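# Descriptive structure summary
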Amino acid sequence: MQKMSAMNRKLIQNLAETLCKQVKHFDKRETECLIRLFSGLLGEQAERRAAHGLDRVRFRNILHNTFGMTDDMMMDSVFRAFDKDNDTYISVKEWVEGLSVFLRGALDEKIKFCFDVYNLHGDGYISREEMLQMLKDSLIRQPTEEDPDEGIKDIVEIALKKMDHDHDGKVSYSDFEKTVKDENLLLEAFGNCLPDAKVEITSNYFCM
Amino acid sequence: MGLTISRAVQWSSDGDQLENSPLNNDILTEILLFTEGFEDRHPQEASIPFCEPLQWNTSLEAADFTSDIYNTRGESAVSLECDDKGRPLLQLSPPAITVHSFYHLSNLLKLSKDKKMKEVWACLEVNREPIKKIFGPISPTIHKGKLFSILHQLDEKLLSIAVRPITREGRLSPAAVNTEVDLLKRENRVLKSVHYTSGLHYAYFPPSPSLLDCRVENSSMTKSEVYKDIVTLLKNQSPHFAAAADEQDFAIQDVPSAKKILHVETVDVEETGQTLKSYDHEEKNVPEKLAWNKPGSRNKKLEPSLKWKNLGLTSFYDEEEEKARRSRESKKSPGPASENKKKANFSGSSLPGCQSSQKTKSPGGADDFSESSSEDEEDEEKPERRAEIPTDLPSEYWQIQKLVKYLKGANQTATVIVLCTLRDFNLVQETCQLAIRDVGGLEVLINLLDTDDIRCNIGSLKILREISCNSLIRQTIADLGGLQTMVSILDTPVKELKCLAAETIANVAKFRRARRTVRQYGGIKRLVELLDCLPDSVSLSAEQERDADVARCGALALWSCSKSTRNKESIRQAGGIPLLARLLKSSQKNMLIPVVGTLQECASEKSYRIAIQTEGMIEDLVKNLSCDNQELQMHCASAIFKCAEDKHTRDLVRQYDGLKPLVMLLNKAENKQLLAATTGAIWKCSISLENVAKFQEYRALEILVGLLKDQPEEVLVNVVGALGECAQISENLATIRKSGGIQPLVKLLSGTNQALLVNVTKAVGACATDPENMPIIDRLDGVRLLWSLLKNPSPDVQASAAWAICPCIENAKDAGEMVRSFVGGLELIVNLLKSQNKDVLASVCAAIAKIAKDVENLAVISDHGVVPMLANLTNTVDDKLRRYLAEAIACCCMWGSNCVSFGEAGAVAPLVHYLHSKDPLVHQATARALFELSKDPNNCITMHENGVVKLLLIMIGSTDAILQEAAASCVANIRCLALANDKAKNG
């Protein structure tokens, strides 16, 4: 046991050495922390799957417990954005790379990240339907109105009008980028998918 | 009929149907009888065709039209009579019926037999405004005039029916209202007056800061509300009254008529007739009345509740509304199930926000209305004037209202989208601002500030910052407790949020109550803390730049707040001065403008003037005089203007080479504010002679003389003041003359601005000391103008004019003749000796001393009783007055028995005591007066008794030759008398 953890430590250090060169915002010590955290999380996971990486349920637990995310669809989307190779597991590399943007990303990286999250169908555009899906619970339905979804549809149109600079009826990456650069508040336009600003400011406890 | 139909008839709650009430029955019966008999009573008018036909669904059938004036075909029926366009005047195609004239209405009712009432009922239900249909939108033409007056009579009759149930109670309400109004005026002094005018009620309150007169207009609303009593009515109509009423804790139950129900109806302005009706109802009538008052009957969009909510009168809604509002707000929270956890903050914290808006009503109360009245108010609270909502609102108005509606029910994500979209509207435009306010958008925006979501906070503040440039919006934000929330936001670690909150506070705190609120909630201290940053190192990191921006916003807010005297003190106590001094070293103009703006605003306080001097700020202020931003230059000059009252400050300005830039600024004469500040600074600086010498060097006088024409008064005051100070050096007098300054100066003597007149008289007086100037002044009739200013109501002007008259008399040729030529002039100046103002008295004494040099004039003023009046003044301790009084007495002794009279009037003894004064100038004048008085033996005795000899002996030892001589001569006179006395006794 003693021997194994010593070996593990060595392994982790080597891994951290390599990974911290590939990601932007973490130094070696921080990378090491993250890897340790990752293997800790893996350890809790059933042996069988551990080989692949973190599964969706476990990842969602982190999003929920640590970052206070609540929206199911958003958490799934964030998972997809982390899971770059689409194998339904988050590898240690995906974990460190993802968190680099998630926690410390510059505006450009965050724009890309959010766009990936919102691009539910993965076709490079955010369509009306995707917006509708993401915003479906964002308004209290007025029981008095004939079509209770009318408000939501209207919000979608408003959002589309604001973002669709090339008037093709959907939001491309460049549309999204331009919108967010004009108005930073619209970074998380279709749902909470990044840590709270206060979390960012007050601590980097996640890497400690 | 129009009025009654629209107002008095009771409509069902959904507004579509007439209610089956006894009152309606009475009214409709009356209409029925009227219409049925119309044809017989007014055959001529009955045939006048209506402008628009009355149309309704009838229960009559073709078979009912048995009269031969109708033609029945199958199920339909038409009248044989047609209008000029060939349309039949009555047309039935069941179930619809169209009628064009009273003649046919009458006939129709006669034919209806037992269904009459039903027909009238059906007709009026769909024709809400029969009068409009009958006459069309324009006023009736002449041939319709008679018809109009007939209908008007009916209308009045109907009205009397409508009020009958009330009048039957026997307690006529106008009297009851008056009793209550009187009580409010007398007992509580909250209400000054209530005016009942056509469609408008005005309520005036005494002019204390929180009870600024408040006016409520209902002109555009056709709504009715029932109020329990007049206090409730006024509370609902006026937030100020409400606040005041709460403090006073009304016990309106004491009012004998308090149980009455006051019914107030407001009607369209264009309608004539009684507009404020007060009814007395039994309590049981209330629910029924309320039902009829439900909004939606006519004017759905103008729900009264929204209006009053906007005014922050949350505590005075009726309970039902309050409940509705609560539920609306709590609905905000549930949102999507998965977001419940986060959203809990939304509802949880939005309520305290509302409550605090209620709470704030009280603290403002009695505690401090003492803000100096002299402080300039950019934006004194104006009575709310709700402009009539124009009928053709731009589409933005409705779009914004829709967005605000969404905002009320959106989660964070949608909220941010909606907020960002709202910002795309032109929020500087008033329509957009009021659109947000009118649907309660401000409440929502302020509630959003209470949430934990930073993006919502930022989005909301960005909108509030824009729209708070409107003074109505500012007041509403303050009423809703927005300032308290914004002050607490200043504690956030998020810098962008701090900036936005401070900037919005800067916009809102443009009126006194808001500034007080900021202070009372600890805003000043927090804003001062924002100033703490490194202003200007060579290169700033991004973070430091953000800090600097926070400081800039803090300074902006402090600038607004610093217009209240107490806030100035709070800023100082919070340690703001050293921080401002540090920011003053910045090179950023957008930083410097609010900083210097705050400083110059605060420089009205002595503590600040001292601090500005001791903290070394003069150097920076002087440095920035040479910057390229006129606003900054203006604030710097203005700060120097206020600080240069102090001699050391004036010296510092010179030492830092500030005088030259000031003179340079005189060339920017097109910017009047800048010019006023600059000339002010020059004026105050020129109080020091060293500075005057510098100004001479920079040829400032020539420029100043050029500014004597075509300038606003605030500039003229300063220019003339500066010329007056510069004239202390005699060579400048020639300069003023040579550059043509005397004529415009004399011309300014005929102005009315008192501050200006004080300075002009001083400057003209100074000019008159130059013998070459005097003929010019004389030729321009300047002395007469000066003399007439003695009649000015302001003592300052009187004194200044009298001082200026002195050198004029001294230097004018034939001064005596000139003075005599002013009819009544001598009497006027002698009478000024009755003034209470020391400076006026001193100046008039000085002038009298000059006048008395001419014996003829002395005779005249003696006739006017100058001697006893001067003697009356002798018991003064004011050295300046003593000096000129003594001079006047000395000069006035030269005529007749004046010398004796002074003694008889008791002037001698007090004069002797003047020699105890420390002022050598008093000694000289007094010694001269005593010498003149000592020519009368009785005076000598009085002087001797008062121990004058010893005092005079000391004076003889003075270095002042005139004093020596006068004292010695006086002693000699006394000695002579003593010797003569001895001789008489012994010889």
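Worth saying up front: this structure is predicted, and the values here are computed from it rather than measured. (Residues numbered from 1 in each chain as written. Chains lettered and ligands numbered in written order. Predicted model: local features only at pLDDT ≥ 70, side-chain atom pairs only at ≥ 80, totals over all residues. Heavy atoms only, no water.)

## Focus: the overall build of chain B
The test is simple: Helix and strand assignments come from DSSP, with helices taken as H or I runs of at least 4 residues and strands as E runs of at least 2, each series counted from the N terminus. Note on classification: 1.4 Å probe, protein chains only; a residue is buried when its accessible area is under 20% of the maximum for its type, exposed when over 50%, partly exposed between these limits. Surface accessibility in these figures is a Shrake-Rupley result with a 1.4 Å probe; residues are shielded only by whichever protein chains are displayed.
For chain B, the count of helices and strands is 56 helices and 10 strands. Taking all 987 residues of chain B together, the buried fraction comes to 57%. Total accessible area on chain B stands at roughly 41800 Å², and carbon and sulfur atoms take up 52% of it.

## Quick word on the confidence of the model for chain B
Close reading of the predicted structure is inappropriate where its pLDDT is low. All names here are of chain B. As a reminder, the rule being used: Predictor confidence is given residue by residue as pLDDT, running from a minimum of 0 to a maximum of 100. A contact between two residues is defined here by any heavy atoms of the two lying within 4.5 Å.
When pLDDT is averaged along chain B, the result is 77, and 73% of the positions lie at 70 or above. A low-confidence stretch, residues 196-228 stays under pLDDT 50, and its non-local contacts, those more than four residues away or across chains, total 119 contacts. For this predicted complex, the interface score ipTM comes out at 0.90, alongside a pTM of 0.64.

## A closer look at the pairing of strand S3 (residues 76-79) of chain B
Residues and elements named next belong to chain B. Put simply, the test is: Strands were regarded as paired on the criterion that DSSP finds at least two bridges between them.
Pairing between strand S2 (residues 70-73) and S3: four bridges, direction antiparallel. What sits directly across from Tyr-70, in S3, is Ser-79. Turn length for the S2-S3 hairpin, with the two strands adjacent in sequence and antiparallel, is two residues, and the turn residue Gly-74 shows positive phi of about 60°.

## Looking at the UniProt feature "domain: EF-hand" (unreviewed entry) in chain A
All names here are of chain A. Operational definition: UniProt positions are given in the numbering used here, feature names are shortened, and annotations may be inferred rather than shown by experiment.
Following the UniProt record, the feature "domain: EF-hand" (unreviewed entry) maps to residues 70-105, 106-141 and 151-186 here. What you have in residues 106-141 is 56% helix and 6% strand, and the ends, taken at the C-alpha atoms, are 37 Å apart. Secondary structure across residues 151-186 divides into 64% helix and 6% strand, with the first and last C-alpha atoms of the span separated by 19 Å.

## Looking at the nonpolar core
To keep it simple, the criterion reads: Put simply, a nonpolar core is a bunch of buried Ala, Val, Leu, Ile, Met, Phe, Trp, Tyr and Cys residues held in one set by side-chain atoms that sit within 4.5 Å of each other.
In terms of nonpolar packing, the biggest core is built from 294 residues, with Trp-95, Phe-102 and Phe-190 of chain A touching the most fellow members. Sorting elements by how many residues they give to this core places helix H47 (residues 838-851) of chain B first, with 10 residues. The residues touching Phe-102 of chain A, leaving out its near neighbours within four places in the chain, are Leu-63, Phe-67, Met-69, Val-78, Phe-82, Lys-110, Phe-113, Cys-193, Leu-194 and Pro-195 of chain A.

## Some thoughts on unusual backbone geometry
Residues and elements named next belong to chain B. Here the phi dihedral of Arg-699 falls at roughly 55°; this positive angle occurs in a residue that is not glycine. As for its position among the elements, Arg-699 is in the loop between helix H36 (689-697) and helix H37 (700-706). For Asp-710, which is not glycine, the phi torsion reads 55° and is therefore positive. In this fold, Asp-710 is placed in the loop between H37 and helix H38 (713-726).

## Quick look at the interface of chain B and chain A
Heads up, the condition is: The term buried area refers to how much accessible surface (probe radius 1.4 Å) is lost by two components on association, counted for both of them together. When a carboxyl oxygen of Asp or Glu lies within 4 Å of a side-chain nitrogen of Lys or Arg, that pair is called a salt bridge.
Every contact between the two is made by 32 residues of chain B and, on the other side, 29 residues of chain A. When the two sides are added together, the surface that chain B and chain A hide from each other amounts to roughly 2600 Å², 62% of it contributed by carbon and sulfur. Run the count over chain B and chain A and you get four salt bridges. Here Lys-162 of chain A and Asp-424 of chain B are joined by a salt bridge, their closest N and O atoms 2.7 Å apart.

## Digging into the packing of aromatic side chains
Between two aromatic rings, the relevant description is the distance of the centres plus the angle of the planes. Keep this limit in mind: Here the aromatic set is Phe, Tyr and Trp, taking the six-membered ring for Trp, and pairing holds for ring centres within 6.5 Å; pairs whose planes are under 30 degrees apart are stacked, those over 60 apart are edge-to-face, and all others are tilted. Two conditions define a charge located above a ring, namely a distance within 6 Å from the ring centre to NZ of Lys or CZ of Arg, and an angle within 35 degrees of the ring normal.
Following the criterion strictly, the structure yields 16 aromatic pairs over all chains and no others. Ring centres of Phe-38 of chain A and Trp-95 of chain A lie 5.8 Å apart, and the angle between their planes is 45°; this geometry places the pair in the tilted category. Of this pair, Phe-38 of chain A sits in helix H2 (residues 28-44) while Trp-95 of chain A sits in helix H6 (residues 92-104); the two residues are 57 residues apart in sequence, bridging distant segments of the chain. The same class applies to Phe-38 of chain A and to Trp-95 of chain A, which are both buried. Between Trp-787 of chain B and Phe-822 of chain B, the aromatic rings sit 5.2 Å apart at their centres with planes inclined by 50°, giving tilted as the arrangement. Taken as a pair, Trp-787 of chain B in helix H43 (residues 782-788) and Phe-822 of chain B in the loop between helix H45 (815-820) and helix H46 (825-831) lie far apart in primary sequence, 35 residues in all. Pair check on accessibility: Trp-787 of chain B and Phe-822 of chain B agree, each one buried. Through successive ring pairs, a cluster of aromatic residues spans Phe-59, Phe-67, Phe-79, Phe-82, Phe-102 and Phe-113 of chain A. Sitting above the plane of the Tyr-173 of chain A ring, Lys-112 of chain A keeps its charged end 5.8 Å from the centroid.

## Concerning H38 of chain B
Residues and elements named next belong to chain B. As a reminder of what qualifies: For a helix, the expected span equals 1.5 Å multiplied by the residue count minus one.
End to end, H38 covers 20 Å across 14 residues, agreeing with the expected 20 Å (1.5 Å per residue, within 8%). The element H38 is largely enclosed, with a buried count of 12 among its 14 residues. Along H38, the residues that are buried comprise Val-715, Leu-716, Val-717, Asn-718, Val-719, Val-720, Gly-721, Ala-722, Leu-723, Gly-724, Glu-725 and Cys-726.

## A closer look at the side chain of Ser-686 of chain B
Residue and element names in this part refer to chain B. Under the convention used in this document: Each polar contact in these results corresponds to two N or O atoms within 3.5 Å; when the atoms are within protein, one needs to be able to donate a hydrogen and the other to accept it, and residues that are neighboring in sequence are counted only if both atoms are side-chain atoms.
Mapped onto the elements of the fold, Ser-686 is located in the loop between helix H35 (672-685) and H36. On the basis of relative accessibility, which here comes to 0%, the residue Ser-686 falls in the buried class. A polar side-chain atom of Ser-686 sits 2.6 Å from the main-chain carbonyl oxygen of Trp-683.

## Digging into the pattern of salt bridges
Scanning the model with the defined rule gives 49 salt bridges over all chains in all. Notably, a salt bridge pairs Asp-154 of chain A with Lys-402 of chain B, separated by 2.9 Å at the nearest N-O pair. With Asp-154 of chain A in helix H9 (residues 150-163) and Lys-402 of chain B in helix H16 (residues 395-408), the pair connects residues from two separate chains. The exposure class of Asp-154 of chain A is buried, given its relative accessible area of 18%. Under the relative-accessibility criterion, Lys-402 of chain B is labelled partly exposed at 33%. Put simply, Arg-56, Arg-60, Asp-72 and Asp-76 of chain A are held in one network by salt bridges that share partners.

## Some words on the sheet that holds S2 of chain B
Paired through their backbone hydrogen bonds, the strands of a sheet run either parallel or antiparallel. Residue and element names in this part refer to chain B. Rules: A fitted line through C-alpha atoms represents every axis, and for helices the fit uses only the stretch in contact; the resulting angles, taken between N-to-C directions, go from 0 to 180 degrees.
What the five strands build is an open sheet, ordered S1-S5-S4-S3-S2; its pairing is antiparallel. Taken across any chain shown, the strands that pair with only one partner, and hence form the sheet edges, are strand S1 (49-57) and S2. Each adjacent strand pair in this sheet contributes to an overall mean axis angle of 10°, direction not counted. Along the sheet face, helix H5 (residues 102-112) touches S1, S2, S3, strand S4 (90-93) and strand S5 (96-101) and points at about 130° away from the line of S5.

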